[in-house]
Amino acid sequence: MSTAHTNPETTGHGDISTGVAGGDSNASATRITPGNALRPEDIALEVRTGLVKPSEDIAEYALRLGDDALILAQRLGHWISRAPELEEDIALGNIALDQLGHARSFLTYAGAAMTNDDGSARSEDDLAYFRREHEFRSVQLFEQPNGDFAATIARQFVVSIYQYLLYRRLTESTDETLAAIAAKAVKEVDYHRDHSAQWVLRLAGGTEESRKRMIHGLRTMWPYVGELFRDDDLTQRLAEAGAGVAPSSLREDFDRLSGEILAEAELEVPDVPAAPGGGRYGKHSEHLGYILAEMQVLAREHPGASW
Amino acid sequence: MSPHGNPDAPASTATEINRDAPKASPAPQEHHDRSAWGLWEVFVRSSRGLSHVHAGSLHAPDAAMALRNARDLYTRRNEGVSIWVVPADAIAASDPDSKGSFFESPQGKDYRHATYYTKSEGVKHL
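This text gives an overview of the structure that appears in the document. (Residues numbered from 1 in each chain as written. Chains lettered and ligands numbered in written order. Predicted model: local features only at pLDDT ≥ 70, side-chain atom pairs only at ≥ 80, totals over all residues. Heavy atoms only, no water.)

### Comments concerning the overall build of chain A
- Along chain A, the regular secondary structure elements total eleven helices and zero strands.
- If you list the helices and strands of chain A from N to C, you get α-α-α-α-α-α-α-α-α-α-α.
- Residue burial in chain A is summarised as follows: out of 307 residues, 54% are buried.
- For chain A, the accessible surface area stands at approximately 14100 Å², while carbon and sulfur atoms represent 51% of it. (Helix = DSSP H or I, 4+ residues; strand = E, 2+ residues; numbered from the N terminus. Buried < 20%, exposed > 50% of the residue type's maximum accessible area, 1.4 Å probe, protein only. Areas by Shrake-Rupley, 256 points an atom, 1.4 Å probe, with all protein chains shown as cover.)

### Looking at the environment of serine 57 of chain B
All names here are of chain B.
- As for its position among the elements, serine 57 is in strand S2 (residues 53–60).
- The class for serine 57 is partly exposed, based on a relative accessible area of 32%.
- Measuring from C-alpha to C-alpha, the distance between serine 57 and lysine 124 comes to 47 Å, with 67 residues separating the pair along the chain.
- Beyond its immediate sequence surroundings of up to four residues, serine 57 is in contact with Leu39, Trp40, Glu41, Val42 and Tyr74. (Contact = heavy atoms within 4.5 Å.)

### Considerations on the sheet that holds strand S1 (residues 38–45) of chain B
Residues and elements named next belong to chain B.
- On the basis of which strands lie adjacent, the open sheet formed by three strands has the order S2-S1-S3 and antiparallel pairing. Because the sheet does not close on itself, it has two edges, and the strands there are S2 and strand S3 (82–87). Pairs of neighbouring strands in the sheet enclose a mean axial angle of 30°, with direction left out of account.
- For S1 and S3, the ladder comprises six bridges, and the chain directions are antiparallel. Bridge pairing links phenylalanine 43 to tryptophan 84 in S3.
- Against the sheet, helix H1 (residues 63–74) engages S1, S2 and S3, with an angle of about 120° to S2. (Pairing = 2+ DSSP bridges. Axes fitted to C-alpha atoms, helices over the stretch in contact; angles between N-to-C directions.)

### Details of unusual backbone geometry
All names here are of chain A.
- The phi torsion at serine 81 lies on the positive side, around 80°, for a residue other than glycine.
- Its location among the elements puts serine 81 in the loop between helix H2 (56–77) and helix H3 (86–111).
- Residue classification places serine 81 among the exposed residues on the basis of a relative accessible area of 64%.
- In this structure, glutamate 266 takes a positive phi of about 55° despite not being glycine.
- Tracing the backbone through its elements, the reader meets glutamate 266 in the loop between helix H10 (251–264) and helix H11 (287–301).

Set out below in structure tokens:
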């Protein structure tokens, strides 16, 4: 810390942004500054004060993206204390926390168009902890088991490229809140993309064992790739209105970006039959129920508890 | 056995168990050589435009991953705008035991400080 600089406002923190300054009543979902990025609390404030209220379509769309991120965060969080090395433990934990942040923003926004049974507004916690399995809208890839490290990297490889392409386009959404969430998220998932690509290259080019596991990981995750890019009435309506992105329109770029890394790793695009999917309509693989049980048990045992 | 099962050999029904199907992933090797990941020293330059300062060390398989690990470990709270990583064994360090001959000889040599000298008359801006 420079001793010549004794401005009381910066003493102790220097130029490090703590993000606290953004929590005032002037906060806006569309105000993005380098050290003061949009936080879920800012969206919650805008929702409470009635500044933003998503349409039913937008809320459902936000719910989908929020559930994707939430389930992935829960999955990745399981690696904490279990990763092959301490450094990788922290890397995966960081990625999980980024995803949790995206989930909080999307779910807070989605909840603004919904009410609980008792008429109160739906918070991010209501959506995360008090919905049942068939009410979750995440696609099935996100709930797939961590498997070994290579399987997790394979899932990250697919997810991070998909989310990067999606959020990049969503920054141009006509819905200002969605655009603002995406603008913050896209920088983070761009790093996730780099992280997974680095590991795909290393595992594929490492030992015979690591290469075999990387191939196996990709093959176990690839059946769930198709579901990511499936259009339906909702995405079509939102894409026409300019608020959302048609998933099918991301496929070409996904194939190109994933293909480049796989080619560099001298891996083939897995040729495996597609899973039926249906996560967007509440049809999930057998794995989601176990994730929810673990994720929701505390909040359900002690509703409203805080610590 | 992988929790995913084997994509190359789909799950069979109870009546036709495919006992010959290859196991999805072999048992992990018992010996795990932890020294395979080298030690790297991390230097971070803060956004205030000062020089790179030693922040700590970490393990990484190569330089590219060391930079990424450093980003995750040492710039989580917006601490920096630039990172250097150096293999720990590439650093030559002074011997802590030779403190006397190495670092104590300047003591008492106050003529090496500007304050030792009296200001000459009429010299401005000193």
